[in-house]
Amino acid sequence: MAGLIELRDIRKSFGPVDVLKGVNMDIHAGKVTALVGDNGAGKSTLIKGLAGVQPYNSGELLFDGGPVAISSPGESSALGIEVVYQDLALCENLDIVQNMFLGREELHHGMLDQPEMEKHAAATLQSLSVRTLKSVRQKVASLSGGQRQTVAIARAVLKKAKVVILDEPTAALGVAQTEQVLALVRRLADSGVSVLIVSHNLVDVFQVADYIDVLYLGNMVAQLKTTDTNRDEVVGYLTGTKTRDTTIEETLV
Amino acid sequence: MTTGLSKSSGLPLDRAVPTVAAGQKPIATGYEGSAGDQLRAYVQRVRGGDMGMLPALAGLVVLGILFSALSPYFLTRGNIANLLTQTAALMMLSMALTFVIILAEIDLSVGVTGGVGTAVFILLVNKEHWNWIPAIVLAVLTGVAIGMFIGFLVAKIGIPSFVVTLGLFLGFQGLMLVMLGNAGSYQVQTPQIIDIMNKSMPVWAGWVMLVVMVAASLLTGFYDRRRRVVTGMPVRPMTLLWAHVGALAVGGGIMVFLLNQNRSRGLSPIQGVPIVVPVALAILWAGTTILDRTRFGVHIYAVGGSAEAARRAGIKVARVRIIAFLLCSLLGVVSGIFTISQTGVVQSSTGRDIVLPGVGAAVVGGISLFGGRGRLVQAAVGALLISMITNGLGLQGYSAGFTFLVTGGVLILAATIDALSRRRSGSTSLART
């Protein structure tokens, strides 16, 4: 099955350092794809290219089957790609509604349309079955890490994102909050959005992802279906002890 | 925009709002509940550290009682009118500063910017014999240009606003000396300018002003309420709106009534609301509308809270900063005009000494120098409190030195309350900025 986004032979280098060495990847519609890899594998560089923050040097990018170029955050956003960064990019001094509509507030006769924005924000959160928020007028400063992640994801949903990229969404969360966010990620994908989740945490990845793509030193060494693989195999790919076709033990034999 | 997604999803892909699943309790908006619930929620917010201008208001009440107990003259009609006019320039300056303080920036030059504006005005009128109206317009435009220049240096070049405006604070004092030349001081000969601070409106105009204020507040309340009802959102109980408008009507009514009495100790009567009052109120109203109800208003708070988050949300951060400095300098010139109306003279030191009390007034009003929060009315209340200290201690016959000491103490007290409340805030705040 072809992905909603297909990356073909993506290359990126910083001076003499090749960070991405011809990466292929698919992000599937309505599925959760996990991108895993050790530090320095090129995960961030891959995401920044999709976000338009740091365009790739070369390679082909297909969106919904057609070739596209992403050279700025605006172009990425126009395609329906939204990135939820690790530090969330929320304004703590503003409330949930203000954050969700930041930069594209709704107006009525030139003035802010507060009731309309409140209604949409509440409905969006509700459609994601968010239950832990007291009020949509709560300030973000008063929210827990998990609630903030929820607001950041809901903001991407409000932007009608077709692809949501989550950068380490559970890195700073406790057990219960991680569960909430993973459940939210699942619902997001089930509603038809393509989700790419970057994570170090294999437990989370196995719980939520449909596909697991492993980067190792700038190469895509494995693209696995979660149901067809196991933790040991993924760790093997992650650490480089296992390559695409063989394991080191097998070569030794 | 809706390919493939809208068919299967329950997400709000179109303007249509998804229906809430049966049995699911809607997320609150903070508008639900009886007047009592609203009051309890407010008390909870205050306890959580979101005190806003409550300390300053409490200070006004306490000092008001204290000074009127100490001096029979303090609460007289004449002194109330005095207090209002004494506050006007400081109030305008602290309101000006609010726009940049929300951004966690500062404008040390806003006072002397007002000075330069009034120098432009006085030279055009006294030397070039211009009509006073175009001269005022040019003075205000001078402020706009200065504000844009500061904003450009801060937002585009990246110089800290403290340094830029410190440089201009010194530079503009020199500019004033050059502009005003050897004479050094010019009398304000335009009666319209002198009148702002020194004349009062007719008695009927004071009442008209009050009626306009009450009506505007009532209509805005009804309009907002209707918008919420039309959209299908919960509304606050009517009682709260009536209480709000009622308090305004009663409080404003008492003030207008007092000011409309004869406060002259001579033969010719002096009565009516000073002209500066409606001018200041109109500017307060316009500025508050900008901050509360426009896109720019949200963006200025957003940039003050997290410039990086604002940038990622697509806000043109540099533009927001430049406009904020523009508004600050513009109101700085208005403050300068109030000052020369009161003193009747433009000199090289005009606007030099008012900027730090202006910052102090904003802080006393509960506006945080850390940025991200603060309202114009807080700056106004802070300015009133500082003027009240000066006025009240002056009536007691205390020296200027003692007055400075007390003012400084109040400022540090206010900053302490702000710092402590910041430590506590974050747990309960439900309200908008």
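Residues numbered from 1 in each chain as written. Chains lettered and ligands numbered in written order. Predicted model: local features only at pLDDT ≥ 70, side-chain atom pairs only at ≥ 80, totals over all residues.

Trainee: Give a description of the sheet that holds strand S2 (residues 17–27) of chain A that names residues and reports values.
Mentor: All names here are of chain A. Within the open sheet, the 4 strands sit side by side as S2-S1-S4-S5. Their pairing is antiparallel. The sheet terminates laterally at S2 and strand S5 (66–67), the two strands that pair on one side only. In terms of strand pairing, strand S1 (residues 5–14) meets strand S4 (residues 58–63) through 5 bridges, oriented antiparallel. In the sheet register, Glu6 faces S4, and the bridge partner there is Leu62. (Pairing = 2+ DSSP bridges. Helix = DSSP H or I, 4+ residues; strand = E, 2+ residues; numbered from the N terminus.)

Trainee: Tell me about the nonpolar core, and name the residues and values.
Mentor: Formed by 177 residues in total, the largest nonpolar core has its most connected members in A:Val164, A:Val185 and B:Met92. Here A:Val164 is in contact with A:Glu82, A:Val84, A:Ile153, A:Ala156, A:Leu188, A:Val193 and A:Val195, once residues within four sequence places are set aside. (Core = buried A, V, L, I, M, F, W, Y, C linked by C-beta atoms within 7 Å. Buried ≥ 20, exposed ≤ 12 C-beta atoms within 10 Å, placed from the backbone. Contact = placed C-beta atoms within 7 Å.)

Trainee: Summarise the packing of helix H4 (residues 77–102) of chain B against helix H14 (residues 317–343) of chain B; cite the residues concerned and give the values.
Mentor: Residue and element names in this part refer to chain B. The interhelical angle for the contact between H4 and H14, taken along N-to-C directions, is 170°, at an axis separation of 7 Å. In terms of orientation, H4 and H14 fall into the roughly antiparallel class. Touching Thr85, Ala88, Ala89, Met92, Leu93, Met95, Ala96, Leu97, Phe99 and Val100 of H4 are Ala324, Phe325, Leu327, Cys328, Leu331, Gly332, Val334, Ser335, Phe338, Thr339 and Gln342, all from H14. (Axes fitted to C-alpha atoms, helices over the stretch in contact; angles between N-to-C directions. Parallel < 35°, antiparallel > 145°, perpendicular 65-115°, else oblique.)

Trainee: Kindly report on the sheet that holds strand S12 (residues 219–225) of chain A, identifying the contributing residues and their values.
Mentor: Residues and elements named next belong to chain A. Spatial ordering of the open sheet is given by S6-S9-S10-S3-S11-S12, a layout of 6 strands whose pairing is mixed. Edge positions in the sheet fall to strand S6 (81–84) and S12, since each of these pairs with one other strand and no more. For this sheet, the mean angle separating the axes of adjacent strands, direction not counted, is 20°. Where S6 meets strand S9 (residues 163–167), 4 bridges bridge the pair, whose relative direction is parallel. Across the sheet, the residue bridging to Glu82 is Val164, located in S9.

Trainee: Describe helix H9 (residues 203–231) of chain B, listing the residues and the values that go with them.
Mentor: Here H9(B) spans 43 Å end to end across 29 residues, near enough to the 42 Å set by a 1.5 Å rise per residue. Trailing H9(B) by a residue or two, B:Gly232 shows a phi angle of about 85°, which is positive. (Expected span 1.5 Å × (residues − 1).)

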